[in-house]
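# Structure assessment
Read off the chains here:
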Amino acid sequence: MDPLTLLAAANAAVAAVKKGCQLYKDIKGAAGDVNDVLKDLKEQFHKVVDPSPAQIKQYNEEVKRVQEIAKADPNDVYTEIGNQLGALMDAYDALSKALLQEEMLGKKVYKGEESIGRRALRRIIITARLDAMLVEIREMMVYQAPSELGSLWEKFEKMWDRIVAEQEAANAEELRKAQAAKWQREKLKQRVKEQLTSVLAVVFVIAWFLWVMILIRTSHTYRGVYSLPFWSCVLC
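Everything numeric in this text was worked out from a predicted model, so none of it was measured.

### Regarding the nonpolar core
One finds Ile-81, Leu-85 and Met-141 to be the most contacted residues of the largest nonpolar core, which totals 36 residues. Going through the elements one at a time, α1 (3-29), α4 (74-105), α5 (116-143) and α6 (147-218) are the ones with two or more residues in this core. Ignoring sequence-local partners within four residues, the contact set of Leu-85 consists of Val-17, Ile-137, Met-141, Leu-152, Trp-153 and Phe-156. With five residues, the next largest nonpolar core counts Leu-41, Tyr-59, Val-63 and Val-66 among its residues.

### Focus: α6
Here α6 is 72 residues long and its end C-alpha atoms lie 105 Å apart, about the 106 Å a rise of 1.5 Å per residue gives. Those residues of α6 that fall on the buried side of the exposure criterion are Leu-149, Gly-150, Leu-152, Trp-153, Phe-156, Trp-160, Val-164, Asn-171, Leu-175, Met-213 and Arg-217.

### Quick word on the confidence of the model for the protein chain
Mean pLDDT over the protein chain: 78, with 83% of residues reaching 70 or higher. Confidence scores differ between elements of the protein chain, with helix α7 (residues 220-225) showing the lowest mean pLDDT of 55 and α1 the highest of 84.

### Observations regarding the packing of α1 against helix α3 (residues 53-71)
Contact pair α1 / α3: the axes reach a minimum separation of 9 Å and the direction vectors enclose 80°. Considering the angle they form, α1 stands roughly perpendicular to α3. On the side of α1, the interface is formed by Lys-19, Leu-23, Asp-26 and Ile-27, while α3 contributes Arg-65, Glu-68 and Ile-69.

### Describing the packing of aromatic side chains
The final tally for this structure, using the stated rule, is two aromatic pairs. Ring centres 6.2 Å apart and planes at 50° place the aromatic pair Tyr-24 and Tyr-78 in the tilted group. Remark: Tyr-78 occurs in helix α4 and Tyr-24 occurs in helix α1; sequence separation between them is 54 residues. The interplanar angle of 45° and the centroid separation of 5.0 Å between the aromatic rings of Trp-153 and Phe-156 together place this pair among those described as tilted. With Trp-153 and Phe-156 both in helix α6 and three residues apart, the pair spans about one turn of that helix. When its relative accessible area of 3% is taken as the criterion, Trp-153 is described as buried. Under the relative-accessibility criterion, Phe-156 is labelled buried at 7%.

### Quick look at the environment of Leu-149
Tracing the backbone through its elements, the reader meets Leu-149 in helix α6. By relative accessible area, Leu-149 is classed as buried at 0%. Separated by 128 residues in sequence, Leu-149 and Cys-21 have C-alpha atoms that sit 7.7 Å apart. Residue contacts for Leu-149: discarding those within four places in its chain leaves Cys-21, Tyr-24, Tyr-78, Ile-81 and Met-141.

### Points about a nonpolar patch on the surface
Residues Val-202, Phe-204, Val-205, Ile-206, Trp-208, Phe-209, Leu-210, Trp-211 and Leu-215 make up a contiguous nonpolar surface patch of roughly 940 Å² in combined accessible area. Tracing the backbone through its elements, the reader meets Trp-208 in helix α6. Accessibility expressed as a relative area gives 48% for Trp-208, which makes it partly exposed.

How each quantity is defined
- Every chain begins its residue count from 1, and numbering advances along the sequence as written.
- Reporting in this predicted model follows two pLDDT cut-offs: at least 70 for local features of residues, and 80 or more for side-chain atom pairs to be given and counted; totals over whole chains, interfaces and linings ignore these cut-offs and use all residues.
- Hydrogens are left out, water is left out, and the side-chain values use all remaining heavy atoms of the structure.
- Among the buried residues, those of types Ala, Val, Leu, Ile, Met, Phe, Trp, Tyr and Cys that are joined through side-chain atoms within 4.5 Å form a nonpolar core.
- Only protein chains enter the accessibility calculation, which uses a 1.4 Å probe. A residue is then buried if its area is under 20% of the maximum for its type, exposed if over 50%, and partly exposed in between.
- Each helix corresponds to a stretch of at least 4 residues labelled H or I by DSSP, and each strand to a stretch of at least 2 residues labelled E; elements are numbered beginning at the N terminus.
- The contact criterion used throughout is that any non-hydrogen atoms of two residues lie within 4.5 Å.
- Every helix has an expected span of 1.5 Å times one less than the residues it contains.
- Within a predicted model, pLDDT stands for the predictor's per-residue confidence, ranging from 0 to 100.
- In this analysis, axes come from line fits to C-alpha atoms, helices being fitted only over the stretch in contact, and the angle between any two N-to-C directions falls in the range 0 to 180 degrees.
- Should an angle fall under 35 degrees it is called roughly parallel, over 145 degrees roughly antiparallel, and 65 to 115 degrees roughly perpendicular, with every other angle called oblique.
- Put simply, two rings from Phe, Tyr or Trp (the six-membered ring, in Trp's case) pair if the centres are within 6.5 Å, and we call them stacked under 30 degrees between planes, edge-to-face over 60, tilted for the rest.
- Surface patches are drawn from residues lacking salt bridges whose relative accessible area is over 30%; two like charges belong together within 9 Å, two nonpolar side chains (Val, Leu, Ile, Met, Phe, Trp, Tyr) within 5 Å.
- Accessible surface area values rest on a Shrake-Rupley calculation with a 1.4 Å probe, where residue burial reflects the displayed protein chains alone.
- Whenever a carboxyl oxygen of Asp or Glu lies within 4 Å of a side-chain nitrogen of Lys or Arg, that contact is scored as a salt bridge.

The following block contains the structure:
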């Protein structure tokens, strides 16, 4: 998957976390019976004379939101927030690998249509967007949600820092191995080239020697001294 597709997956996970945080906050903050809340909303709405389409839409959305709060279990919402944080970690991990792959390809001669500067800018933008996502979620879970979500974020952040450190070490090791493998391939090519040059040199010397011997055997001086035909003993 390309980095932009993976970034979209990370965006979806962040949106789901934010929605879950807001729902959890609404559940914890809901006061009184839901039926009373819905009754109060209805009474307030009916006081509006000739409501506009926008007001009707707002009323229906608020009723739907309250009903959703009534049906939601805070424990289920809490679990779903954790699942979406896990999805974000998966997307981050996949993005790290994709960016590492692009970095490794950047050390080779690039023959694509995109400029090198544009590819580098894309990596910077993706990294900056990921950092902004984390800050956004942290602000919401720590400062704008019930304390249990802040506690969840603290645990998540500790795990995240550890995983990021491990990934950076693993990526550095993978990059080192890739560079070592490339060096070994170049060394092997050089060795094969040197061996081929040596073989060609030996073949050339042998061919030259045979050619000289043939010239000597076919010369008039040699034929005058030796009566045997030259082909009877070329290398005698």
